[in-house]
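Spelled out from the first residue to the last, the chains are:
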Amino acid sequence: MDHAAAGSPDAQKPPGCYRHPDRETGISCTRCERPICPDCMVNASVGFHCPECATGRGGTGPAPAASRPRTLAGGTIAADPHLLTKILIGINAAVFIAVHALSSSFLGDMVLIGRWPPAPFVPTEGVAEGEWYRLVTTMFTHQEIWHIGFNMLSLWFLGGPLEAALGRARYLTLYLVSGLAGSALTYLLASPTTATLGASGAVFGLFGATAALVRRLNADMRPIVILLAINLVFTFTWANIAWQAHVGGLVAGAAIGYAMLHAPRERRTLVQYGTCAVVLVAVVGLTLLRTAQLT
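The shown structure was predicted, so the numbers you read here are calculated from the model rather than taken from an experiment.

Engineer: Lay out the overall build of the protein in plain terms, naming residues and giving numbers.
Structural biologist: When you go through the protein residue by residue, the secondary structure sums to twelve helices and two strands. Tracing the protein from N to C terminus, the helices and strands come up as α-α-β-β-α-α-α-α-α-α-α-α-α-α. Here the protein holds 295 residues, and 43% of them are scored as buried. Of the roughly 15,100 Å² of accessible surface on the protein, 66% is carried by carbon and sulfur atoms.

If you want it as structure tokens, here you go:
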């Protein structure tokens, strides 16, 4: 009798989320003890709260700071969770228009290049000549319509869910630091006289962080692995692609994304931004190393 009860499917079946009954869950609100799924749970100072409990007792007045709705990474939930993604796409589009509307010197000032012109001429331009800003401007610069189209489409589909999961500040930090990591690795390994451009380093950082998000949600990893594998095949088989930016951004994005989504709650901010700081130190170190090699 006892053995039959223990083996019964109903006895072993976890409860369903009170807002989404079809979703089984082992997590309960620490206030009302109702079962909640990952989409409903709100991080609090102790455990997780359901959306109703997180808004405060009685539903009137401002919610206590510790109980305010938070993203999976501990960020503030925004009214428009895709706002920064839209702004980033807008900046890239504006620079793309400027590249074609202004003189060629504008494009020359935006791309990532190590040192130009080559010997026997005296170099006057490039990161090695002190133009470190190129590590950033290259992340927003495109010349071909297919290039910006592919990158912005990827940014829209990957960026939206990540911005909602991380919150704006963490999402923007992920994007910029991943892009810088891609630029730094390109500067280190590519020919100093080869100009590179594009948001691919930052976009591949979003790929890496998306893998961390899928793991955090315990979802099926196969779609993101297949999509990433396809992109890596193109990275190493198509001509005129800066694979260094893709690899650098991917590694940085995966590390930052994992830290942001899996950091222990009691040391969350330290782990999240500490990881970003470590990546930035690596970016500075690689840039200094390459500059020393070229000068």
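Engineer: So what's going on with the nonpolar core? Residues and values would help.
Structural biologist: Note on soluble globular proteins: their nonpolar side chains tend to be buried together. Residues Tyr171, Tyr175, Leu206 and Phe207 are the most contacted members of the largest nonpolar core, which totals 61 residues. Within the residue set of this core, elements represented by two or more residues are α4 (83-101), α5 (104-110), α7 (145-166), α8 (168-189), α9 (200-216), α10 (222-237), α11 (243-262) and α12 (268-294). Looking at this core, the element that brings in the most residues is α9, giving nine residues. Discounting chain neighbours no more than four positions away, the residues touching Tyr175 are Leu88, Asn92, Met139, Phe140, Leu155, Ala199, Ala202 and Leu206.

Engineer: Describe the packing of aromatic side chains, with residues and values.
Structural biologist: According to the stated counting rule, one finds three aromatic pairs in the structure shown. Between Phe140 and Tyr175 the ring centres are 6.4 Å apart and the planes differ by 45 degrees, which places this aromatic pair in the tilted class. One end of the pair, Phe140, is in the loop between α6 (134-137) and α7; the other, Tyr175, is in helix α8, and 35 residues separate them in sequence.

Engineer: Got a sec to walk through a nonpolar patch on the surface? Specific residues and values, please.
Structural biologist: A cluster of nonpolar side chains, contributed by Ile145, Trp146, Ile226, Ile230, Phe234 and Trp238, occupies part of the molecular surface with about 680 Å² of accessible area. Those elements that provide at least two residues to the nonpolar patch are α7 and α10. Considering each element in turn, the nonpolar patch owes the most residues, three residues, to α10. Examined against the element boundaries, Trp146 turns out to sit in helix α7.

Engineer: Quick rundown of α4? Include the residues and the values.
Structural biologist: In this model, α4 (19 residues) spans 27 Å end to end at C-alpha, consistent with the 27 Å of a helix rising 1.5 Å per residue. What α4 keeps buried is the set Leu84, Thr85, Leu88, Asn92, Val95, Phe96, Ala98 and Val99. For α4, the buried positions fall inside an angular range of 165 degrees around the axis, keeping them on one side. Across α4 from its buried face, at more than 90 degrees, point the exposed residues Ile97, His100 and Ala101. Elements that come into contact with the buried residues of α4 comprise α5, α7 and α8.

Conventions used here
- Residues numbered from 1 in each chain as written.
- Predicted model: local features only at pLDDT ≥ 70, side-chain atom pairs only at ≥ 80, totals over all residues.
- Heavy atoms only, no water.
- Helix = DSSP H or I, 4+ residues; strand = E, 2+ residues; numbered from the N terminus.
- Buried < 20%, exposed > 50% of the residue type's maximum accessible area, 1.4 Å probe, protein only.
- Areas by Shrake-Rupley, 256 points an atom, 1.4 Å probe, with all protein chains shown as cover.
- Core = buried A, V, L, I, M, F, W, Y, C linked by side-chain atoms within 4.5 Å.
- Contact = heavy atoms within 4.5 Å.
- Phe/Tyr/Trp six-rings, centres within 6.5 Å; stacked < 30°, edge-to-face > 60°.
- Patch = residues over 30% accessible without salt bridge, like charges linked within 9 Å, V, L, I, M, F, W, Y side chains within 5 Å.
- Salt bridge = Lys/Arg side-chain N within 4 Å of Asp/Glu carboxyl O.
- Expected span 1.5 Å × (residues − 1).
- Arc of directions from axis to C-beta.

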